[in-house]
Amino acid sequence: MRVRGRLTWGRRARAGVALAALLAGAAAPAVALTPAAAAGAGAGAAAAGTPVCQVRDDRLREISGMVATDDGYVMINDGADDEARRRIFFLDQRCAVVRAVAFPSRPRDTEDLAIGRDGTVWVADIGDNDHSRPTIAVWRLAPGADEPVLHRMTYPDRPHDAEALLLDASDRPLIITKGGSGTVFLYSPTAALRSGATTPLASVGQVTLPTTSTSNPFSFLGRGVITGAASAPDGRRVALRSYADAFEYDVPDGDVVRALTTGTPRITPLPDEPQGESVTYSRDGRSLLTVSESADQPAGTRPTILRYPATDGPATAARPTGSAASALPTLVRPIAEDTTGPGGRIWLLAGGAGTVVALLGLAGVLRWRHTTRR
């Protein structure tokens, strides 16, 4: 998400990493890659995406979500201070804005997009860097509608920062939290969403992300968070992305939760994107498309859609070493287990003391920011 205050998110994250390096002696997590993952996810082997088109509209500088359509793309910024940027933007295939739909009230922090089977655009208003929101929301824009409709939801346990949204086979939303130590949590509504009502969410699973070494502006911290998600047009694959990589999961039976919590993902490195928070599949399903924020980049930098071939073949996900879990599919712990328990300690031991100090340093820096309240 976009952070505000005296420092921007990019500067804060870099400051957190720098502080952590000084305190921890630049210690990196003590993890190892499988040979296949090392070949596919290493910084030296990862190839940059192929440019598709540049977004030249100055209202789109903090892009946090994107979906591809038959006619082009739909994009959103995160919680922008500028009212003109708080829109759902429709772009043609050359990345030119052709339509902008305003929200009827101010969103808190819009972070991702999805498209339903009937063409409805879903906007995930789920960002919460302060972990203080009593509710989160999704906005639904029906085909041809003039404004989106708000649906509020509430977590069953505590506030979470989240930046990724998927829809299941019945167009039920699935919220994926951002995480921070490589573990993300999945939440889904317990009932049909209704405008004007607040629907409780239920925890439906958690996933520990594969370990990679892909170069990105936020070092190993950028590899342990989820900043976006996408579903293939045929619904048989989904992808989660970090600041460094895309993780593709097969969904053979339409059960997205099962795919994420029991499947082994294939990894597509997304190396050195400035601040990659968006991912979508091309309409033919053959490619992954990404776009980064351009704020705080050198003057004249424009957001550019990049194309990466969608992965195929056997999964090559890497696992933390040092436990029997390294031989299993995607590492899943029971949702009721406290992440500070044995499973969490496995991560911390694998990451080493440097990771702990780095996260604490980053958390301290992030306390400088403030989020606009609705």
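Residues numbered from 1 in each chain as written. Predicted model: local features only at pLDDT ≥ 70, side-chain atom pairs only at ≥ 80, totals over all residues. Heavy atoms only, no water.

Caption draft 1: Molecular detail of the overall build of the protein. Within the protein, the secondary structure is distributed over 5 helices and 20 strands. Counting every position in the protein, which comprises 374 residues, the buried fraction comes to 55%. Counting contacts in the protein only where the partners sit at least 6 residues apart, residues at least 24 apart contribute 59% of the total. A total accessible area of about 15,100 Å² is found for the protein, and carbon and sulfur atoms account for 54% of it. (Helix = DSSP H or I, 4+ residues; strand = E, 2+ residues; numbered from the N terminus. Buried < 20%, exposed > 50% of the residue type's maximum accessible area, 1.4 Å probe, protein only. Contact = heavy atoms within 4.5 Å. Areas by Shrake-Rupley, 256 points an atom, 1.4 Å probe, with all protein chains shown as cover.)

Caption draft 2: Summary view of the sheet that holds strand S5 (residues 97-102). The strand order across the open sheet built from 4 strands is S2-S3-S4-S5, with neighbouring strands paired in antiparallel fashion. Two strands close off the open sheet at either side, each with one partner strand: strand S2 (63-68) and S5. Between one strand axis and the next, the sheet turns through 20° on average, direction left out of account. Summarising the sheet, strand S4 (residues 87-92) and S5 pair through 5 bridges and their orientation is antiparallel. The partner of Leu-91 across the bridge, within S5, is Val-97. (Pairing = 2+ DSSP bridges. Axes fitted to C-alpha atoms, helices over the stretch in contact; angles between N-to-C directions.)

Caption draft 3: Quick peek at unusual backbone geometry. We note that Cys-95 has phi near 70°; this positive angle belongs to a residue other than glycine. Along the chain, Cys-95 falls in the loop between S4 and S5. Since its relative accessible area comes to 3%, Cys-95 is described here as buried.

Caption draft 4: The arrangement of the pattern of salt bridges in detail. On inspection of all chains with the given rule, the structure shows 18 salt bridges. Two residues, Glu-248 and Arg-237, come together in a salt bridge whose shortest N-O distance is 3.6 Å. Separated by 11 residues along the polypeptide, Glu-248 in strand S16 (residues 245-250) and Arg-237 in strand S15 (residues 237-241) bring together distant segments of the chain. A residue is classified by how much of its surface remains accessible, and Glu-248, at 0% relative accessible area, is buried. You can call Arg-237 buried: its relative accessible area is 16%. What emerges from the salt-bridge pattern is a single network uniting Glu-62, Asp-82 and Arg-85. (Salt bridge = Lys/Arg side-chain N within 4 Å of Asp/Glu carboxyl O.)

Caption draft 5: Region of the structure containing the environment of Phe-218. Tracing the backbone shows Phe-218 in the loop between strand S13 (198-208) and strand S14 (228-231). The class of Phe-218 is buried, set by a relative accessible area of 3%.

Caption draft 6: Summary view of the state of the cysteines. Evaluation of the coordinates by the stated rule reveals 1 disulfide. Two residues, Cys-53 and Cys-95, share a disulfide whose sulfurs are 1.9 Å apart. Between Cys-53 and Cys-95 the sulfur-sulfur dihedral comes to about 50°; the bridge is accordingly right-handed. Taken together, the residues span a long stretch of sequence, with Cys-53 in strand S1 (residues 50-54) and Cys-95 in the loop between S4 and S5 at a distance of 42 residues. The residues Cys-53 and Cys-95 share a single accessibility class, namely buried. (Disulfide = S-S within 2.5 Å.)

Coordinates in, geometry out; function isn't part of it.
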